[in-house]
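Listed below, chain by chain, are the residues.
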Amino acid sequence: MKARILGLAAFAACLAMPVYAAVALSDAAGSYTISPSGSSIRFTIGKAGGGGFDGAFGRFKGTIRIDNGDVGRSKVDLTIYPESVGTGQGRIDAFLRSDAVFDAANNPEIQFRSTNVTRTGDTTALVTGRLTARGKTFPEKFTAELGGLKGGTIKFHVTGKVLRSRYGMDVGTPLYSNVVDFDMTLMGKRG
Amino acid sequence: MQSIINTSTRYGWAMIILHWLIGVIFIGQFVLGYVMMRTPSQRTSFELIQLHKSFGFLLLGLIILRIAWRLRNAAPALPASVGMLERRTAPLAHFALYAFQIALPLSGWALVSVSTLEIPTMPFNLFVMPNLPLTESDASESFWTSAHWYLAYAGIALVALHVLAALRHHFLLRDSVLARMITPSSGGE
């Protein structure tokens, strides 16, 4: 029985894929702190008539714990500070921070706590968890792909779709899609 | 059927309905525009602005219909009692009213077209209205915001003059000028 790794990273090692052959389970297992440098949390919302608008959160923190014994027990915790939202357009940023959308003054944190991690491929996994924003919590799922493990640094590419209306952020629909496409690069440093 | 079109002394239903519909929406748009810029809630403000855009396009459609109708169907002559000065200035005031009815929605359309916020326009959430072929920039947005604002205040001042003139005709001069814009049965000499 191959050892199962928590988190997404070590899946590759399980299969001894050539690219990740160097990643041994024992190497990937452990706790990582998400590093703001090298990480990004970007999102896109489609617009009626085509195109969309992009934004990113500048401040966030989190941890990734890869369990050496049971993949399903891997954990991902992520806290995003909506005050740090940036779209390149100051008026839109102010709108997003206001009570029209994030209400950042009263809800300074958006939190994601994983509840389950399921391997879906050689280097991919489905992370399900609970997302809390504006006091509302719903289950969400994200796809994570291992990007690499080098030194004490592990990298994941995470994507997922979130329906903003459930979190009291439906303003602007249908001009702006209800679906928020997330595209994150999470760089974790061991320790 | 006869009462739909104007005659030489009476307004038909088509002009009467278009006149009041446009008048009510025009004044409503002024109030909505005033309120939406002063609403503290960003969300409510955003939604009111979208509503203002929807009614603006409705207004533009109605006024195009009205001008087309007017070009094919001349307005009735003024009652004989109307003096020479008014006989000359009233058409100018009416022309100016038409000009504002066209200029206001168009300046609003220009404003949303050049806005760097790039907010799409969907009148009443029915369809996407394309932008005018204008280049977006902060400077253009600021120009059209001012233009729309000045046109709105000048337009509402003209409407106030128009309303006062109509009331003068009805209550002081006691002629048929206001009444014939209410029903085609009024206005016969």
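Residues numbered from 1 in each chain as written. Chains lettered and ligands numbered in written order. Predicted model: local features only at pLDDT ≥ 70, side-chain atom pairs only at ≥ 80, totals over all residues.

### Here we look at the overall build of chain A
The line we're drawing: Helix numbering and strand numbering both begin at the N terminus, where a helix is a DSSP run of H or I of at least 4 residues and a strand a DSSP run of E of at least 2. The exposure label follows from counting other C-beta atoms within 10 Å of a residue's C-beta, where the C-beta atoms are placed from the backbone and the thresholds are 20 or more for buried and 12 or fewer for exposed, leaving partly exposed in between. For the purpose of contact definition, each residue receives a C-beta atom placed from its backbone, and two residues are in contact when these atoms lie within 7 Å.
Counting its regular elements, chain A contains three helices and eleven strands. A burial count over chain A gives 32% of its 191 residues as buried. Long-range pairs, those at least 24 residues apart, make up 54% of the contacts in chain A with a sequence separation of at least 6.

### Observations concerning the UniProt feature "transmembrane region" (unreviewed entry) in chain B
To keep it simple, the criterion reads: UniProt positions are given in the numbering used here, feature names are shortened, and annotations may be inferred rather than shown by experiment.
Under the present numbering, the feature "transmembrane region" (unreviewed entry) in UniProt falls on residues 12-37, 49-69, 90-112 and 147-167 of chain B. Taken end to end, residues 12-37 of chain B is 92% helix and 0% strand, and its two terminal C-alpha atoms sit 38 Å from one another.

### Details of the interface of chain B and chain A
It is common to give the size of an interface as the accessible area lost on bringing the parts into contact. For clarity, the threshold we go by: Gly falls in the polar group here, along with every residue not listed as nonpolar (Ala, Val, Leu, Ile, Met, Phe, Trp, Tyr, Cys, Pro) or charged (Asp, Glu, Lys, Arg).
Across the boundary between the two partners, chain B contributes eleven residues, which contact 14 residues of chain A. Considering only residue class, the side of chain B that touches chain A consists of six nonpolar, four polar and one charged.

### Quick look at helix α3 (residues 84-114) of chain B
Just so we agree on the cut-off: The span expected for a helix works out to 1.5 Å for each residue beyond the first.
For α3 of chain B, built from 31 residues, the straight-helix expectation of 45 Å at 1.5 Å per residue is met to within 8% by its first-to-last C-alpha distance of 45 Å. Buried within α3 of chain B are the following residues: Phe-100, Gln-101, Leu-104, Pro-105, Ser-107, Gly-108, Trp-109, Ala-110, Leu-111, Val-112, Ser-113 and Val-114 of chain B.

### Observations regarding helix α4 (residues 138-172) of chain B
Residues and elements named next belong to chain B. An ideal rise of 1.5 Å per residue puts 51 Å on 35 residues; α4 measures up with 50 Å between its terminal C-alpha atoms. Every buried residue of α4 is listed here: Trp-144, His-148, Gly-155 and His-169. In this structure, the buried residues of α4 make contact with α3.

### Here's the deal with the nonpolar core
In plain terms, the rule: Any set of buried Ala, Val, Leu, Ile, Met, Phe, Trp, Tyr and Cys residues joined through C-beta atoms within 7 Å is what this text calls a nonpolar core.
Ranked by internal contacts, the top residues of the largest apolar core, which has 39 residues, are Leu-78, Val-101, Val-127, Ala-144, Val-158 and Leu-186 of chain A. Ignoring sequence-local partners within four residues, the contact set of Val-127 of chain A consists of Val-76, Ser-114, Val-117, Lys-141, Phe-142 and Ala-144 of chain A. Counting residues in hydrophobic clusters, the runner-up holds six residues, among them Trp-109, Ala-110, Leu-111 and Val-112 of chain B.

### Looking at the UniProt feature "domain: Lipid/polyisoprenoid-binding YceI-like" (unreviewed entry) in chain A
The UniProt record annotates "domain: Lipid/polyisoprenoid-binding YceI-like" (unreviewed entry) at residues 31-189 of chain A. Counted over residues 31-189 of chain A, helix gives 5% and strand 58%. Its end C-alpha atoms are 8 Å apart.

### Considerations on the pairing of strand β4 (residues 60-66) of chain A
Residues and elements named next belong to chain A. How we decide: In this scheme, strands are said to pair when DSSP sees at least two bridges between them.
The side-chain alternation of β4 yields one buried face, formed by Phe-60, Gly-62, Ile-64 and Ile-66, and one unburied face, formed by Lys-61, Thr-63 and Arg-65. Taken together, the four bridges between strand β1 (residues 30-34) and β4 define a ladder with antiparallel strand orientation. Within β4, the position partnered with Ser-31 by the bridge is Arg-65. Of the strand pairs in this sheet, β4 and strand β5 (residues 75-80) are connected by six bridges, and their pairing is antiparallel. Directly across from Lys-61, in β5, lies its bridge partner Thr-79.

### Things to note about the packing of α3 of chain B against α4 of chain B
Residue and element names in this part refer to chain B. Quick reminder of the rule: A fitted line through C-alpha atoms represents every axis, and for helices the fit uses only the stretch in contact; the resulting angles, taken between N-to-C directions, go from 0 to 180 degrees. Each angle receives one of four descriptions, namely roughly parallel if under 35 degrees, roughly antiparallel if over 145, roughly perpendicular if within 65 to 115, and oblique otherwise. The handedness criterion is simple: a crossing whose near helix is rotated anticlockwise from the far helix by less than a right angle is left-handed, and one whose near helix is rotated clockwise is right-handed.
The contact between α3 and α4 brings their axes to 9 Å, and the two run at 155°. It follows from the interaxial angle that α3 and α4 lie roughly antiparallel. α4 is crossed by α3, and the crossing has left-handed handedness. Across from Ala-93, Ala-96, Leu-97, Phe-100, Ala-103, Leu-104, Ser-107, Gly-108, Ala-110, Leu-111 and Val-114 in α3, the residues of α4 making contact are Ser-140, Glu-141, Trp-144, Thr-145, Ala-147, His-148, Leu-151, Ala-152, Gly-155, Leu-158, Leu-161 and His-162. Across the contact of α3 with α4, the residue classes tally to 15 nonpolar, seven polar and one charged.

### Digging into the pairing of strand β11 (residues 176-190) of chain A
Residues and elements named next belong to chain A. Bridging between β1 and β11 involves three bridges; their strand directions are antiparallel. Paired with Tyr-32 across the strands is Arg-190, a residue of β11. The pairing of strand β2 (residues 40-47) with β11 spans seven bridges and is classified as antiparallel. Bridge assignment links Thr-44 to a residue of β11, and that residue is Asp-181. Pairing of strand β10 (residues 153-163) with β11 involves eleven bridges; the strand directions are antiparallel.

### As for the environment of Ile-64 of chain B
Residue and element names in this part refer to chain B. Mapped onto the secondary structure, Ile-64 falls in helix α2 (residues 42-72). Taking the C-beta count within 10 Å as the criterion, Ile-64 has 13 such neighbours and is therefore assigned partly exposed. With 54 residues separating them along the chain, Ile-64 and Glu-118 place their C-alpha atoms 26 Å apart.

### Describing the environment of Arg-72 of chain B
Residue and element names in this part refer to chain B. Among the structural elements, Arg-72 can be located in helix α2. Its 9 C-beta neighbours within 10 Å are what place Arg-72 among the exposed residues. Considering only alpha carbons, one finds Arg-72 and Leu-85, 13 residues apart in sequence, at a separation of 26 Å.

### Describing the confidence of the model for chain A
Atom-level detail of predicted coordinates should not be read off regions where pLDDT is low. Stated formally: Confidence of the prediction at every residue is given by pLDDT, a number between 0 and 100.
Mean pLDDT over chain A works out to 87, with 86% of the residues at or above the 70 mark. Confidence drops under pLDDT 50 across residues 1-22 of chain A; counting only partners more than four residues distant or on other chains, this segment forms 70 contacts.

### Looking at the UniProt feature "domain: Cytochrome b561 bacterial/Ni-hydrogenase" (unreviewed entry) in chain B
Those residues carrying the UniProt feature "domain: Cytochrome b561 bacterial/Ni-hydrogenase" (unreviewed entry) are residues 10-183 of chain B in this numbering. Taken end to end, residues 10-183 of chain B is 70% helix and 0% strand, and its two terminal C-alpha atoms sit 9 Å from one another.

### Focus on unusual backbone geometry
A cis amide bond links Thr-173 of chain A to the next residue, Pro-174 of chain A, at an omega of 5°. Mapping Pro-174 of chain A onto the fold places it in the loop between β10 and β11. Although it is not a glycine, Phe-124 of chain B sits at a positive phi angle of roughly 50°. Look at Phe-124 of chain B and you get exposed, because 12 C-beta atoms sit within 10 Å. Its identity as a non-glycine residue notwithstanding, Arg-174 of chain B has a phi of 50°, on the positive side. Structurally, the position occupied by Arg-174 of chain B is in the segment after α4. On the basis of neighbour counts, which here come to 10 C-beta atoms within 10 Å, the residue Arg-174 of chain B falls in the exposed class.

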